[in-house]
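Structural overview for review
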Amino acid sequence: MEEKKDQSFEEAMVKLEEIVGKLEEGDVPLEESIRLFQEGMKLSKLCHDKLQDVEKQMDELLKENGETEPFTIQEED
Amino acid sequence: MQQDPYISITELTRYIKRKFDMDGKLQDIWLRGELSNVKHHSRGHMYFTVKDQNSRINSVMFAGNNRFLKFRPEEGMKVLIRGEVSVYEPHGQYQLYVKEMQPDGIGNLFLAFEELKKKLEKEGLFAPERKKKIPATPKRIGVITSPTGAAVRDVLTTIKRRFPIAKVTVMPVLVQGPNAASSISRAIDFANEQGNWDILIVGRGGGSIEELWAFNEEIVARSIFHSIIPIISAVGHETDFTIADFVADIRAATPTAAAEIAVPHIEELQERVTQRQLRLTRAITEHVKRLRNLLDNHQKSYAFRYPLQLVKQKEQDLDRTMERLQKTRSRTFDRKAEQIDQLISRLERNHPERRFNLSKDKHQVLVRMLKKEMRNILDHNSSDFQNKIGKLNALSPLSIMERGYSLAYDQGTENLIKSVKQVQPGDQVTVRLKDGKLDCQVWGLEESEK
């Protein structure tokens, strides 16, 4: 299974859960289980990365022309 | 002793109170008036005066009743009230105990709300099966609300705190006033055309029913219903229910709650990933351990330790099989032999020798009979023959020739000459005598007279 760059966090988590489930069931041939394990480790790293390494997103404000600008909260006066 | 004519204040007040409480009309009274001197007591009860041009009445609305209010009573507000009138004994004051209160003038709004709710419910806009699933980890969140105020701040800070990796776009709309509904509706439609968002939060902070009214408009309800992007509604406070809340995929009690529903807590997710990683490692370790045990067991198994036993067993198997083969074979052979024997005896029974002997005997009898018959015939013929021979002898010319007769023939032929006319002088003739022949020539002939 090739690693997909555009795999979403959910997809990766679902896949990871599947792999963990399969391995925990335990009736997987050895080579297959090693392959699954490696893929699982890759996926969990991917998930961690998605949660950690991404820069904090800036909030934006959608203008009427469809463009956006950075948004900061202004208190009502 | 004359009875004391004076009674206590308490007795009087209690008497008056009983008068009030026994009057059915005063127990369930409907009033229209204006609020003043509104006090929200810290323990939750509300105290105010209800008045019109000429009169006023002190009123109380206890927390148990006022927590169902859909608006915050304010100074000068026109209201419709349902309640009862009784006496507050410590002050000797009659007052109004308010059980239900609605803003006056917007009674029509409540009616419109109920009608629209019924209509849309019938159309299936609130149907649970039409609710879309909220994505677990939305990357892009659209917030359709006023860009100022507590609501947008609550949503943004909550999302930042829980899930900072989500990108939030504020889509500014009017949330109250005559143009609010169309503004909100347009924003929802626009977000769906753009399709850039995983989830939308639509709402505003608390306010009076008029202030929240845009979220009760049909146009907003239909935009929410047609939205492909899942929508969380967050309008006002916990007690405020709008049509938008019924149509939305999830209704949040407050904007903060909406943000909490929209995004997971990042640390929880990290924890879940870590948990799975741990499970993964544990699973592979145990898997390998189990396989190793299995291998060990195999190596320790009977077959590996005593391989010869296996061969011996196979040999025994082979012997048994061969025995069976032989048994089968001899059984087959016996059966065939028996069949052959039967055939031979049948053949012998039908042997031709007897018939041959019979025929031979018959043949001998026939031969004997034939011989006998032949002899009889021979004997008979033989005597006949002798007889005939005798007769023949008597008639034979030879015997006549014995007596001196001769026979003349044309020379070289067997033609017997019986007449003189048969010959000419000069012809050569053969004359046979009893003991030979004479070759002669005719010299002359003489016919005898008759």
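Refer to the preceding data block for the structure.
Let me begin by describing the structure that accompanies this report. (Residues numbered from 1 in each chain as written. Chains lettered and ligands numbered in written order. Predicted model: local features only at pLDDT ≥ 70, side-chain atom pairs only at ≥ 80, totals over all residues. Heavy atoms only, no water.)

Brief notes about the overall build of chain A
Quick note on the threshold: By definition, any uninterrupted DSSP run of H or I lasting at least four residues is a helix, any uninterrupted run of E lasting at least two residues is a strand, and each is numbered from the N terminus. Relative accessibility thresholds used throughout: buried, under 20% of the residue-type maximum; exposed, over 50%; partly exposed, between the two (1.4 Å probe, protein chains only). Residue contacts are counted whenever heavy atoms from the two residues lie within 4.5 Å of one another.
Secondary structure assignment for chain A yields 2 helices and 2 strands. Going from N to C terminus, chain A has its helices and strands arranged as α-α-β-β. Scored against the burial criterion, the 77 residues of chain A give a buried share of 35%. Considering only contacts in chain A between residues 6 or more positions apart, those separated by 24 or more positions represent 44%.

Overview of the interface of chain A and chain B
Our working definition: Summed over both partners, the accessible area lost on bringing two parts together, with a 1.4 Å probe, is the buried area. Each salt bridge in this description consists of a side-chain nitrogen of Lys or Arg and a carboxyl oxygen of Asp or Glu lying within 4 Å of one another.
Between chain A and chain B, the residue contacts involve 39 residues of the former and 42 residues of the latter. Of the roughly 3,600 Å² buried between chain A and chain B on both sides combined, carbon and sulfur atoms contribute 64%. The largest per-residue losses of area from chain A upon contact with chain B belong to L51(A), Q57(A) and L62(A), which jointly make up 18% of the total buried on that side. Seen at the junction of chain A and chain B, the total is 5 salt bridges.

Re the nonpolar core
Inclusion rule: In this text, buried Ala, Val, Leu, Ile, Met, Phe, Trp, Tyr and Cys residues form a nonpolar core when linked through side-chain atoms within 4.5 Å.
Counting 43 residues, the largest nonpolar core has L51(A), I141(B), I159(B), F163(B), I201(B) and I232(B) as its most contacted members. Element by element, the count of residues in this core is highest for helix α1 (residues 9-25) of chain A, at 7 residues. Residues contacting I159(B), with those up to four places away along its chain left out, are I141(B), P164(B), A166(B), V168(B), I201(B), A259(B) and V263(B). Among the nonpolar cores identified, the runner-up in size contains 36 residues, and A180(B), I184(B), A214(B) and A221(B) belong to it.

A short note on empty space enclosed by the protein
All names here are of chain B. Stated precisely, the cut-off is as follows: Only protein atoms enter the calculation, which uses a 1 Å grid: trapped sets of points that fit a 1.4 Å probe without letting it out are cavities, open sets showing protein on both sides within 12 Å along at least five of seven lines are pockets, and any residue with an atom within 4 Å of a point is a lining residue. Grid points are joined across faces, edges and corners, and a volume is the space filled by probe spheres set on the points. Each residue is assigned to one class: nonpolar for Ala, Val, Leu, Ile, Met, Phe, Trp, Tyr, Cys and Pro, charged for Asp, Glu, Lys and Arg, and polar for all the others, Gly among them.
Taken as a whole and assessed by the stated rule, the structure comprises 1 cavity of 30 Å³ or more. The space that makes up the largest cavity amounts to roughly 40 Å³. Considering the residues around the largest cavity, the lining is formed by V143, I144, T145, A151, V155, I201, V202, G203, R204, A234 and P255. Elements with a minimum of two residues in the lining of the largest cavity: β6 (140-145), α5 (150-162) and β8 (199-204). Looking at the lining of the largest cavity, the element that brings in the most residues is β8, giving 4 residues. Within the lining of the largest cavity, the residues separate by chemical class into 8 nonpolar, 2 polar and 1 charged.

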